[in-house]
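Examining the three-dimensional arrangement
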Amino acid sequence: MKTLKRLPALALLASLIAPAAPAETVGKVDVDWLGNDITVQALADPKVEGVTCHLAFFERGLIDRLQKGNWFEDPSNSSIACRQTGPITVGEIDRGPEGETVFSERRSIIFKTLKVKRIYDAENDTLIYISHARDVQNGSAKMSMSTVPLFGSGN
């Protein structure tokens, strides 16, 4: 009986921990001889059919980690570009000013997460995608933004 009472709490915890949407690595660019790379991932918006975002971010190599002594963290820098890649169908999205998380990936063991949020601009009938780092203690001003207009998509 105790297990049944815990199921809603466990389900909530699992939904908070699980990534919002899976991303597929489509490219990796070597940037130096230390093993540092720029990774490019394709991310299909799970609630907006026909929109794909490409997210680029920096991943530190082993030699760089040894030199700097910071083993468990990657930089917060990211870049995003989102485009219409098919007929757009908008599902049940959060239309509030905070928007909702489309993608989330850890950038350190505990504190830092790379996020992509979607915000709906009703006045301009446009989806706004923002990639940014979320840190428990030190907020970051590093961000990137992309927009997808919904002209005539019937939202």
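Keep in mind the model is a prediction, meaning the values are calculated, not measured. (Residues numbered from 1 in each chain as written. Predicted model: local features only at pLDDT ≥ 70, side-chain atom pairs only at ≥ 80, totals over all residues. Heavy atoms only, no water.)

1. Looking at a nonpolar patch on the surface
- A cluster of nonpolar side chains, contributed by Val29, Val31 and Ile38, occupies part of the molecular surface with about 210 Å² of accessible area.
- Note that Ile38 resides in strand S2 (residues 37-44).
- Judged by relative accessible area, Ile38 falls into the partly exposed class, the value being 32%. (Patch = residues over 30% accessible without salt bridge, like charges linked within 9 Å, V, L, I, M, F, W, Y side chains within 5 Å. Areas by Shrake-Rupley, 256 points an atom, 1.4 Å probe, with all protein chains shown as cover. Salt bridge = Lys/Arg side-chain N within 4 Å of Asp/Glu carboxyl O. Helix = DSSP H or I, 4+ residues; strand = E, 2+ residues; numbered from the N terminus. Buried < 20%, exposed > 50% of the residue type's maximum accessible area, 1.4 Å probe, protein only.)

2. As for the pattern of salt bridges
- Summed over the entire model, instances satisfying the criterion amount to five salt bridges.
- Across the pair Asp45 and Arg118 runs a salt bridge, and its minimum N-O distance is 2.7 Å. Of the two residues, Asp45 sits in the loop between S2 and strand S3 (48-59) while Arg118 sits in strand S6 (residues 112-121), which places them 73 residues apart along the sequence.
- Each of Asp45, Lys47, Glu100 and Arg118 takes part in a single network of salt bridges with overlapping partners.

3. Concerning the nonpolar core
- Val48, Val116, Leu127 and Tyr129 are the most contacted members of the largest nonpolar core, which has 20 residues in total.
- Contributions of two or more residues to this core are made by S3, strand S4 (78-90), strand S5 (100-106), S6 and strand S7 (126-135).
- Counting residues per element, this core draws most heavily on S3, at five residues.
- The residues contacting Leu127, other than those within four sequence positions of it, are Val48, Ile93, Arg118, Ile119, Tyr120, Ser146, Thr147, Val148 and Leu150. (Core = buried A, V, L, I, M, F, W, Y, C linked by side-chain atoms within 4.5 Å. Contact = heavy atoms within 4.5 Å.)

4. Brief notes about the confidence of the model for the protein chain
- Of all residues in the protein chain, 74% have pLDDT values of 70 or greater, and the mean over the chain is 80.
- In the model, residues 1-19 has pLDDT below 50 throughout and makes one contact with residues more than four positions away in sequence or in other chains. (pLDDT = per-residue confidence, 0-100.)

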